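Chains, contacts and geometry: an overview
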Amino acid sequence: MLRKLLIGTALATTFAFSAHAEDVKEVQMLHWWTSGGEAAALNVLKGDLAKEGYAWKDVPVAGGGGDAAMTALKAMVAAGNYPTASQMLGYTVLDYAAAGVMGDLTETAKKEGWDKSVPAALQKFSVYDGKWVAAPVNVHSVNWLWINKAVMDKIGGAEPKTFDDFVALLDKAKAAGVIPLALGGQNWQEATMFDSVVLSTGGPEFYKKAFNDLDDASLKSDTMKKSFDNLAKLVTYVDPNFSGRDWNLATAMVIKGDALVQVMGDWAKGEFHAANKTPGTDFLCYRFPGTDGSVIYNSDMFGMFNVPDDRKAAQVALATATLSKSFQSAFNVVKGSVPARTDVPDTDFDACGKKGIADLKAANDGGTLFGSLAQGYGAPPAVANAYKDVVSKFVHGQIKTSDEAVTELVKAIDDAK
Ligand code: BGC
C-alpha cells in the first residue's frame, strides 16, 4: 500500500514536473502600440516579463484605434491560432467571450483581489458570465485638449471654458499664422473628437442617452444636429493635409509648435512624455471645453484567449504582471493613461496624470463617467463602426449638412444594432 502510494506520488511529481518543464516561456501579444510613446510603454511590460523569465513574441498591427489590429485578430482566431493575449477595447472583449474563445483567469483574479481594486466600469467588460476573461491595463480618457505652451503664450491665449471660447482661441492661432487644430483625418480620430463635441454640446445626460443608451430621440435631436454643426466649425481650423494623417503625427505638430492644439485621448500625452516634454512648461492639458467634471473613457484590456495548457502559465504571468500596482504606475506614467486600479498612488504621475486620476475618481463617484463610443466602450463594434463611418463622411464632405448627418447616423446605428 505504502509502496503504491509512493509510486503514485512519484508519478504525480514526474507529471507535474514534466508539465512545468514543457511550459512555453513566452507571451505572444497582438497590439496596435506602434508609436514612440506606445512602444516605450510596452517596453515596461516586456521588461517586467523578462524578469520573470518570459520571452516576448510581438504581434504589432499598426493603426491607431485598433481597427486593423482587430481584423488581424479575427483572422488568427478563425484559424485557431490564438495569441496569449490581445489588446482589446470594451465590447470587443465581450464579443470574443460570447464566442467562447476566451480563457478564464478567475483563480488568479481571486487570489489577487482584482474585484476589489478594479473599478466596476471596467469589470463590466473584463468579466463575462462571472469569469475574468481580460486584464485591464489602464484607463484612457478622450475629452482632452493638448496645447503647445509656447504657441499659447505667443497668441496670448487662456484656457477655453466653453465651445465659443475654444473657437475664439482657434481664431487667435489662425490670425498668428499657426495651424489652429492638428487633426488626423482617419475615421476613428474624427469620431474620437466628436465624442467630446457631443458631450460639450449636449451635456453629460445627453451624451449618455445618445452614445451609451443609443436612445433614438437623442440621436435624432436638434442637439445632435448642433453637435455636427460644432464639428463642422472645428474642421475649418484644420490644415489642408489632414486626410489620412496618423494621430501621433498630429501630436508631433503640437509638440513642435506647428499647431496649437490637438483634441485626442491621453495616449497623446505618451508622445509628449517620449519627447521629454513637461506639462505646464512645454504643453498644457485641459478638458475639452464644456466637459469639465465628466470623463469619457476607454480602457485597454489584454483579452486572454483559451490557449493550450502549456501556454497558460505564461498567460497567468502576464495577467499578474499587468495588474501589479508597480506596473500600473510605471506603465501608465509612460502611456499617458491612468491606472486600472483605484489603489495606485499618483506620486509618480505628472500634473496631467494626477488630474486624470482625480477626474476619473470624481466622475466615477458623481455618475459622470461615460464610455467612449468611438473607442469601443459605448456600444458593440458594429455600432461603433457605423458611427465612425458617418462622422468621417461628414468631416470629408461626403455628407454635406448636419441634417443629413443626423439622418445617416440614426439609420446607420439602427442597421448595425
Ligand atoms: C488605445 C490606446 C492607443 C490609441 C492609439 C486607442 O484605441 O486605447 O492605447 O494608444 O488607440 O493607437
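Scroll up a little and you will see the structure.
Now for a description of the structure that goes with this document.

Parameters at a glance
Residues numbered from 1 in each chain as written. Predicted model: local features only at pLDDT ≥ 70, side-chain atom pairs only at ≥ 80, totals over all residues. Heavy atoms only, no water. Near = heavy atom within 4 Å. Polar contact = N/O pair within 3.5 Å; in protein donor to acceptor, adjacent residues only side chain to side chain. Areas by Shrake-Rupley, 256 points an atom, 1.4 Å probe, with all protein chains shown as cover. 1 Å grid on protein atoms, 1.4 Å probe; cavity = no way out; pocket = protein on both sides within 12 Å on 5 of 7 lines; lining within 4 Å. Sits in = over half its atoms within 2 Å of the grid points. Nonpolar A, V, L, I, M, F, W, Y, C, P; charged D, E, K, R; others polar. Domains from an automatic or database assignment. Points joined across faces, edges and corners; volume = space filled by probe spheres on them. Buried < 20%, exposed > 50% of the residue type's maximum accessible area, 1.4 Å probe, protein only. Helix = DSSP H or I, 4+ residues; strand = E, 2+ residues; numbered from the N terminus. Phe/Tyr/Trp six-rings, centres within 6.5 Å; stacked < 30°, edge-to-face > 60°. Pairing = 2+ DSSP bridges. Axes fitted to C-alpha atoms, helices over the stretch in contact; angles between N-to-C directions. Contact = heavy atoms within 4.5 Å. Core = buried A, V, L, I, M, F, W, Y, C linked by side-chain atoms within 4.5 Å. Parallel < 35°, antiparallel > 145°, perpendicular 65-115°, else oblique.

Within the structure, the ligand sits among 14 residues, and Trp-33, Glu-38, Asp-300, Lys-335 and Gln-375 are positioned closest to it. A distance of 2.9 Å separates an oxygen atom of the ligand from a polar atom in the side chain of Trp-33. Separating an oxygen atom of the ligand from a side-chain N or O atom of Gln-375 is a distance of 2.6 Å. Protein contacts shield 100% of the accessible area of the ligand, which totals 310 Å² for the unbound molecule. Put simply, the ligand lies in the largest cavity. Of the residues contributing to the shell around the ligand, the split by class is five nonpolar, six polar and three charged. When residues of the shell around the ligand are assigned to domains, at least three fall in each of domain 1 (2-10 + 25-140 + 299-364) and domain 2 (143-297 + 373-416).

All right, on to the layout of surface pockets then. Here the largest pocket defines a volume of roughly 450 Å³. In terms of lining, the largest pocket is formed by 19 residues, of which the most central are Asp-67, Met-70, Thr-92, Pro-381 and Asn-385. Counted by class, the lining of the largest pocket contains eight nonpolar, seven polar and four charged residues.

Across the 11 residues of helix 16 (residues 325-335), eight count as buried, placing the element largely inside the fold. Along helix 16, the residues that are buried comprise Phe-327, Gln-328, Ser-329, Phe-331, Asn-332, Val-333, Val-334 and Lys-335. One or two steps after helix 16, the chain reaches Gly-336, where phi turns positive at roughly 95°.

With that settled, consider the packing of aromatic side chains. Each aromatic ring pair is specified by the distance between its two centres and by the angle formed by the two planes. Under the counting rule described, the total for this entry stands at 22 aromatic pairs. Aromatic pair Trp-114 and Trp-132: ring centres 5.1 Å apart, planes at 85°, arrangement edge-to-face. Of this pair, Trp-114 sits in helix 6 (residues 114-117) while Trp-132 sits in strand 5 (residues 131-132); the two residues are 18 residues apart in sequence, bridging distant segments of the chain. Across this residue pair, the class does not change: Trp-114 and Trp-132 are buried. On the numbers, 4.2 Å between centres and 20° between planes, the contact of Phe-272 with Phe-283 is stacked. Here Phe-283 lies in strand 11 (residues 283-287) and Phe-272 lies in helix 14 (residues 268-274), a separation of 11 residues in the sequence. Here Phe-272 matches Phe-283 in class, with each residue buried. By the ring-pair criterion, three or more aromatic residues cluster together here, those being Phe-194, Tyr-207, Phe-211, Phe-228, Phe-370, Tyr-387 and Phe-394.

For the rest of this paragraph, the subject is the sheet that holds strand 1 (residues 26-31). The five strands lie next to each other as 2-1-3-13-6, forming an open sheet whose pairing is mixed. The open sheet has two edge strands, strand 2 (55-60) and strand 6 (134-136), and neither has a second partner. The average undirected angle you get between the axes of adjacent strands in this sheet is 30°. Bridging between strand 1 and strand 3 (residues 85-89) involves two bridges; their strand directions are parallel. The residue bridging Met-29 from the neighbouring strand is Ala-85, located in strand 3. Packing against the sheet, helix 4 (residues 90-98) makes contact with strand 3, strand 6 and strand 13 (300-304), and its axis sits at approximately 125° to strand 3.

Residues Phe-194, Phe-211, Met-224 and Phe-228 are the most contacted members of the largest nonpolar core, which totals 77 residues. Counting residues per element, this core draws most heavily on helix 10 (residues 187-212), which supplies 11 residues. Setting aside residues up to four positions removed in sequence, Phe-228 forms contacts with Phe-194, Val-390, Val-391, Phe-394, Ser-402, Ala-405, Val-406 and Leu-409. In this structure, Val-59, Ala-85, Leu-122 and Phe-331 belong to the second largest nonpolar core, which totals 64 residues.

A separate point is the packing of helix 10 against helix 18 (residues 381-395). Between helix 10 and helix 18, the least distance of the axes is 9 Å, while the angle of their chain directions is 110°. In terms of orientation, helix 10 and helix 18 fall into the roughly perpendicular class. When helix 10 is examined against helix 18, the residues Asn-187, Trp-188, Glu-190, Ala-191, Phe-194, Asp-195 and Phe-211 are found in contact with a partner set consisting of Tyr-387, Lys-388, Val-391, Ser-392 and Val-395. A per-class count over the contact of helix 10 with helix 18 returns seven nonpolar, two polar and three charged.

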